[in-house]
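Structure at a glance
The primary structure of each chain is shown beneath.
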Amino acid sequence: MTGTPRILEVRRNILKRNDEIARSLRERFHKAGVLVIGLVSSPGSGKTAFLEKTLTLLGRHARPAALVGDLATSNDAIRLARSQAPVRQINSGTLCLLEAAMIEEALNGWELPQLDYLFIENVGNLVCPASWDLGEEVRAVLLSVTEGEDKPLKYPTIFNTSDVAVITKIDLAEAVEFDREAARSNVQKLRPGIPIFEVSTKTGQGFDSWLSFVAGRASRPSAGGPGPIRSAG
Ligand SMILES: Nc1nc2c(ncn2[C@@H]2O[C@H](COP(=O)(O)OP(=O)(O)OP(=O)(O)O)[C@@H](O)[C@H]2O)c(=O)[nH]1
Ligand SMILES: [Mg+2]
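The model shown is predicted, which means the values in this text are computed figures rather than measured ones. Here, residues in each chain are numbered from 1, in the same order as that chain's written sequence. Lettering of chains starts at A and numbering of ligands starts at 1, both following the order in which they are written. Where totals are concerned, whole chains, interfaces and linings use all residues; where local detail is concerned, this predicted model gives features only for residues with pLDDT of at least 70, and gives and counts side-chain atom pairs only at 80 or more. To obtain the side-chain values, all non-hydrogen atoms of the structure were used and water was disregarded.

The next thing to look at is the site of ligand 1. If you check the shell around ligand 1, you find 18 residues, and the closest are K47, T48, R79, D171 and T201. By the criterion applied in these results, polar contacts are pairs of N or O atoms within 3.5 Å in which, for protein atoms, one can donate a hydrogen and the other can accept it, and in which residues neighboring in sequence qualify only through two side-chain atoms. One of the backbone N or O atoms of A49 is found 2.9 Å from an oxygen atom in ligand 1. With respect to ligand 1, the side chain of E121 contributes an N or O atom lying 3.1 Å from an oxygen atom. A run of H or I in DSSP counts as a helix once it spans at least four residues, and a run of E counts as a strand once it spans at least two, with each numbered from the N terminus. Taken together, the elements giving at least two residues each to the shell around ligand 1 come down to α2 (47-58) and α3 (75-81). Ranked by residues supplied to the shell around ligand 1, first place goes to α2 with three residues. Residues that form the shell around ligand 1 fall into these classes: three nonpolar, seven polar and eight charged. By convention in this text, a residue qualifies as near a molecule or strand provided that one of its non-hydrogen atoms is within 4 Å of it. Each residue receives one of three labels: charged for Asp, Glu, Lys and Arg, nonpolar for Ala, Val, Leu, Ile, Met, Phe, Trp, Tyr, Cys and Pro, and polar for the others, Gly being one of them.

The next thing to look at is the nonpolar core. Membership of the largest hydrophobic core comes to 29 residues, with the highest contact counts inside it found for I37, F50, F119 and W210. For this core, the secondary structure elements donating two or more residues are β1 (35-40), α2, β2 (64-70), α3, β4 (117-121), β5 (138-144), β6 (164-168) and α8 (207-219). Here a residue-residue contact requires only that any non-hydrogen atoms of the pair lie within 4.5 Å. The contacts of W210, once residues within four sequence positions are left out, are I37, F50, T54, F119, A140, V164, V166 and F197. Put simply, a nonpolar core is a bunch of buried Ala, Val, Leu, Ile, Met, Phe, Trp, Tyr and Cys residues held in one set by side-chain atoms that sit within 4.5 Å of each other. Partly exposed describes any residue whose relative accessible area lies between the buried limit of under 20% and the exposed limit of over 50%, with all areas from a 1.4 Å probe on protein chains only and scaled to the type maximum.

This part takes up the coordination of the magnesium ion (ligand 2). The textbook angles at a metal center are 109.5 degrees for a tetrahedron of four donors and 90 or 180 degrees for an octahedron of six. Metal coordination here is assigned from N, O and S atoms located within 2.8 Å of the ion, or within 3.2 Å for Na, K and Ca; omission of water means that sites may look incomplete. Protein ligation of the magnesium ion (ligand 2) involves T48 (OG1), D76 (OD) and E121 (OE), the donor distances falling in the range 2.0 to 2.2 Å. The class for T48 is buried, based on a relative accessible area of 4%. Residue E121 is classed as buried on the basis of its relative accessible area of 3%.

What follows deals with the packing of aromatic side chains. Put simply, two rings from Phe, Tyr or Trp (the six-membered ring, in Trp's case) pair if the centres are within 6.5 Å, and we call them stacked under 30 degrees between planes, edge-to-face over 60, tilted for the rest. Scanning all chains against the criterion turns up six aromatic pairs. On the basis of an interplanar angle of 75 degrees and a centroid distance of 6.0 Å, the ring pair of F197 and W210 is categorised as edge-to-face. Of this pair, F197 sits in strand β7 (residues 196-198) while W210 is found in helix α8, placing the two residues 13 residues apart along the sequence. Each member of the pair, F197 together with W210, is buried. We classify F197 as buried; its relative accessible area is 13%. Among the aromatic residues, ring-to-ring pairing joins F50, F197, F207, W210 and F213 into one connected group.

This is the structure in structure tokens:
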């Protein structure tokens, strides 16, 4: 048999369609002047806790909003809404990732120019979301100290498609004998030069630096062009 196996071809077409929607979303975000930051990590590494604190702190002087993806429940949206920011939950059903079309639909009725920041918390998974562009300007990958320093090496795609890394639950580092130098060096091996923040939502450690980074990215004119390559397809 010759030619591309059909299953591969279908996957490639789906990824291509996703990239087209992501590109048009990126243009909309750019025109509206909203900085979009995607959060990816394994389940339970602290995305919602980190985002709730980020929204609360940013909300004191700016207009942040969030979309949050989970297979089921609205639990995370309820937690994030405590920050007073506009929040929408996306339920992906059986899908282990968010697609650009889901973002497009979830934004219905929102006036993007009235926002300064839009955060997108992806479904907890270190594999599925890696190749799916959502039109975000910045992708942040979170790694909690309880997961082990080797995770970047074992799940390289999610780390080398990210623009910033956040080590979470740093208050637990000692208890789990977290080797921060090894973790940092593993992240840097995959994405040399990537900024890395170490934070705790329990103590507030690291949030000043993280918020300075976010503000810096917001004030930097984005290219508004095709954007970063996330798709491996
Ligand atoms: N000690 C400590 N616990 C934390 C911290 N951040 C989050 N947690 C705890 O970690 C658990 C998971 O946090 P979530 O914020 O739900 O994690 P998540 O990544 O959003 O999880 P999913 O959306 O299910 O993938 C909760 O019990 C949090 O209280 C932290 O900085 N320090
Ligand atoms: Mg969550």
